[in-house]
Structure formats: C-alpha cells, structure tokens
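Reading the structure
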Amino acid sequence: MEYKQTYIDGYNVLRKISRLERLMKSNSDAAPRSFMEFQRRRPRSKGHITIVFDGHGDVIGAGSSVAVVFSLTRTADDWIRMNLEQHRHPRMVLVVSSDNEVRGHALECGSEVMSSQEFIADRKTQKEDHTEMYLKTRPVPESEVRYWLNEFDEKGRESGKE
C-alpha cells in the first residue's frame, strides 16, 4: 500500500538496530542523526516520513521526504497519538512502533501498523531486492562473456557434444 504519511517511534525502532543501539550508548546525540540517514536511504513507498523522538534534541536537517521531530514535554507516543487524531486521512498513515498502546490507538484510528522488527526486516528485504535487481540488469563486461563462452565450450567438448 502507498502511504501519505509514516510516523516512526524513533527510539523504539532505533533500539532494535544493534549498531545504532551501541552508538546510542556512546553518543546519544549521534544515534538519532544516524537513524535519520538510515531512513533517508530507504525507498519512498512510505510517503512523507516523520521520525519522532522523546524529549529535546538538536534540529536535524532531514530533507523534504523525512522530518525529525522531538516531542519536547510529552512522550513520542503521545505525539504520535495526538497527530493521528488530527490527521485528515488516518487510514493513509502507517505507524511504526512495537509499543502496544501506540499500535492499538493507531488501529482504532484506522491506520496501518508495523512493528519495529517488521520495519527493519522490510529494509533488509528491500536491500536484497535492490542487489538482485542490480546483478540482473548490470552490463556484462566482454571479458566475462568470453570467460563463460570458453567454459561452456570446453565442457561441451569434454562430454562429446560438439
């Protein structure tokens, strides 16, 4: 499904990615920025993406298709709930979180939900699909063509299929 908007419970997903979890422990300001970069490289089928983090943080220049929001005095969960209630088309919104209360509220509003684990697995699948497509569509160098022609020609002679 094509979504107009995706709300991501930032720390909820970030903590499921081991590399970012380790970064969070050593440099808590760099982890949200790294997660935003991770998200920016994803295909755009999820519409405009808003990554919501708890509390206060530095403004991160995310770009036109990805926004990073800090929830300030409320929790990221409350920010997501409030924005879902105010959204004109909540059925066109995807909420990414493993928090059961957030997921339940999103479903009550008619939104789609995806767990943090599903979201990360979806990223891995898209990356594998991209790699496979590249390998299938890349130009084959002349040297590689000659190699395989020689390989098959030699195999044909060995089995007496000339």
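Residues numbered from 1 in each chain as written. Predicted model: local features only at pLDDT ≥ 70, side-chain atom pairs only at ≥ 80, totals over all residues. Heavy atoms only, no water.

**Structural notes on the confidence of the model for the chain**
Averaged over every residue, the pLDDT of the chain is 80; residues scoring 70 or more account for 77%. Helix H6 (residues 116-137) is the least confidently modelled element of the chain, averaging 63 in pLDDT, while helix H5 (residues 100-108) averages 95, the highest of any element. (pLDDT = per-residue confidence, 0-100. Helix = DSSP H or I, 4+ residues; strand = E, 2+ residues; numbered from the N terminus.)

**Observations concerning the pattern of salt bridges**
According to the stated counting rule, one finds two salt bridges in the structure shown. A salt bridge links aspartate 78 to arginine 81, with the nearest nitrogen and oxygen atoms 2.6 Å apart. One end of the pair is aspartate 78 and the other is arginine 81, both in helix H4 (residues 76-86) and three residues apart, which spans about a single turn. Look at arginine 81 and you get buried, because its relative accessible area is 19%. A salt bridge links glutamate 142 to arginine 146; the nearest nitrogen and oxygen atoms lie 4.0 Å apart. Of this pair, glutamate 142 and arginine 146 both sit in helix H7 (residues 142-158), separated by four residues, roughly a single helical turn. (Salt bridge = Lys/Arg side-chain N within 4 Å of Asp/Glu carboxyl O. Buried < 20%, exposed > 50% of the residue type's maximum accessible area, 1.4 Å probe, protein only.)

**Some points on the sheet that holds strand S3 (residues 66-70)**
Strand order in the open sheet formed by five strands is S3-S2-S1-S4-S5, and the pairing between neighbours is parallel. For this open sheet the edge positions go to S3 and strand S5 (112-114), each flanked by a neighbour on one side alone. The mean inter-strand angle of the sheet, taken between neighbouring strand axes irrespective of direction, is 20 degrees. Relative to strand S2 (residues 48-53), strand S1 (residues 5-9) is paired through five bridges, and the arrangement is parallel. (Pairing = 2+ DSSP bridges. Axes fitted to C-alpha atoms, helices over the stretch in contact; angles between N-to-C directions.)

**Observations regarding the side chain of aspartate 9**
Along the polypeptide, aspartate 9 turns up in strand S1. There is no salt bridge for the buried aspartate 9, and the closest opposite charge comes from arginine 15, which lies 7.2 Å off by N-O distance. At a separation of 3.0 Å, a polar atom in the side chain of aspartate 9 contacts the side chain of serine 97. Contact partners of aspartate 9, with chain neighbours within four places excluded, come to Val52, Ala76, Asp77, Ile80, Val96, Ser97 and Asp99. (Lys, Arg positive; Asp, Glu negative; His and termini not counted. Polar contact = N/O pair within 3.5 Å; in protein donor to acceptor, adjacent residues only side chain to side chain. Contact = heavy atoms within 4.5 Å.)

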